[in-house]
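What follows is the residue order along each chain.
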Amino acid sequence: MTVEDSSSAASAIAPLLPFPPMQSLEIPQLIKYSITPKDDGVLLCIWEPAPMTDTRVRPFLFMARYRLADDNEAKTVLEEYQVAYQALGSQSG
């Protein structure tokens, strides 16, 4: 799959495999996102905010960007992230 073939990227992503929970003193309660219109569709950005530290030079733990066909596809990918994020949060509790 190429970058240009991003309209089918959401369906081509393999399911996440389970992994051992990370040790953390604080579990963030939310992820943030933006959906930005582009000429050829939309850009979905998803990130988990985190304070900057000596070793963390950006204010997030992760950021993912997807070029997708439309808002509906972006909302579907976002819902998948939210379900996975909530499942991981419930496992660590």
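Here is what the cut-offs are and how they apply
Here the residue numbering is sequential within each chain, running from 1 through the sequence in written order. Owing to the predicted nature of the model, reporting of local features is limited to residues with pLDDT of at least 70; listing and counting of side-chain atom pairs is limited to 80 or more, with chain, interface and lining totals taken over all residues. Each side-chain value is derived from all of the structure's non-hydrogen atoms; neither hydrogens nor water enter the calculation. Working definition: helices are DSSP H or I runs of at least four residues, strands are E runs of at least two. Numbering for both runs from the N terminus. Here the term buried applies to any residue with accessible area under 20% of the maximum for its type, exposed to any over 50%, and partly exposed to those in between, with areas from a 1.4 Å probe on protein chains only. It only takes one pair of heavy atoms within 4.5 Å for two residues to be counted as in contact. Under the convention used here, a 1.4 Å probe and the Shrake-Rupley method define accessible areas, while residue burial counts only the protein chains that appear. In short, DSSP must find at least two bridges between two strands for them to pair. Axis lines are fitted to C-alpha atoms, over the contacting stretch for helices. Their N-to-C directions set the angle, which ranges from 0 to 180 degrees. Side-chain atoms within 4.5 Å are what join buried Ala, Val, Leu, Ile, Met, Phe, Trp, Tyr and Cys residues into a set we call a nonpolar core. By definition, pLDDT measures how confident the predictor is in each residue, and it falls between 0 and 100. Two aromatic rings, drawn from Phe, Tyr or Trp (for Trp, its six-membered ring), form a pair once their centres lie within 6.5 Å of each other, and the interplanar angle then sorts them: stacked below 30 degrees, edge-to-face above 60, tilted otherwise.

**With respect to the overall build of the protein**
At step 1: Scanning the protein from terminus to terminus reveals two helices and three strands.
At step 2: Starting at the N terminus and walking to the C terminus, you meet the elements of the protein as α-β-β-β-α.
At step 3: For the protein, the proportion of its 93 residues judged to be buried stands at 22%.
At step 4: A fraction of 45% describes how many contacts in the protein between residues 6 or more apart in sequence connect residues 24 or more apart.
At step 5: Of the roughly 7,300 Å² that the protein leaves accessible, carbon and sulfur atoms contribute 57%.

**A word on the sheet that holds strand E3 (residues 60-68)**
Each strand in a sheet pairs with another by means of backbone hydrogen bonds, the pair being arranged parallel or else antiparallel.
At step 1: As summarised here, the arrangement of the three strands in space is E1-E2-E3, forming an open sheet in which the pairing is antiparallel. Looking at strand neighbours, the two that pair on one side only are strand E1 (32-38) and E3, the edges of this open sheet. The sheet shows a mean angle of 15 degrees between the axes of neighbouring strands, direction not considered.
At step 2: Pairing analysis gives seven bridges linking E1 to strand E2 (residues 41-49), with the strands arranged antiparallel. Paired with Ser34 across the bridge in E2 is Cys45.

**Points about the nonpolar core**
At step 1: Among the nonpolar cores identified, the biggest contains 11 residues, and these are Ile31, Val42, Leu44, Ile46, Ala64, Tyr66, Leu68, Ala74, Val77, Leu78 and Tyr85.
At step 2: Contributions of two or more residues to this core are made by E2, E3 and helix H2 (71-92).
At step 3: Ranked by the residues each element gives to this core, the list is headed by H2, at four residues.
At step 4: Look past the residues within four positions of Ile31 in its chain and what remains in contact with it is Ile46, Trp47, Glu48, Phe62, Tyr81, Gln82 and Tyr85.

**Comments concerning the confidence of the model for the protein**
At step 1: Summary statistics for the protein give a mean pLDDT of 75 and a share of 67% for residues scoring 70 or more.
At step 2: Note that pLDDT drops below 50 for residues 1-28; the model gives that stretch 18 contacts with residues more than four away or on any other chain.

**Re the packing of aromatic side chains**
At step 1: Following the criterion strictly, the structure yields two aromatic pairs and no others.
At step 2: Between Phe62 and Tyr81 the ring centres are 6.2 Å apart and the planes differ by 10 degrees, which places this aromatic pair in the stacked class. Taken together, the positions of Phe62 in strand E3 and Tyr81 in helix H2 put the pair 19 residues apart, joining distant regions of the chain.
At step 3: Note on Tyr81: relative accessible area 23%, which makes it partly exposed.
At step 4: Plain terms: the ring middles of Tyr66 and Tyr81 are 6.1 Å apart, the flat faces sit at 65 degrees to each other, and that makes the pair edge-to-face. Of the two residues, Tyr66 is situated in strand E3 and Tyr81 in helix H2; the sequence distance between them amounts to 15 residues.

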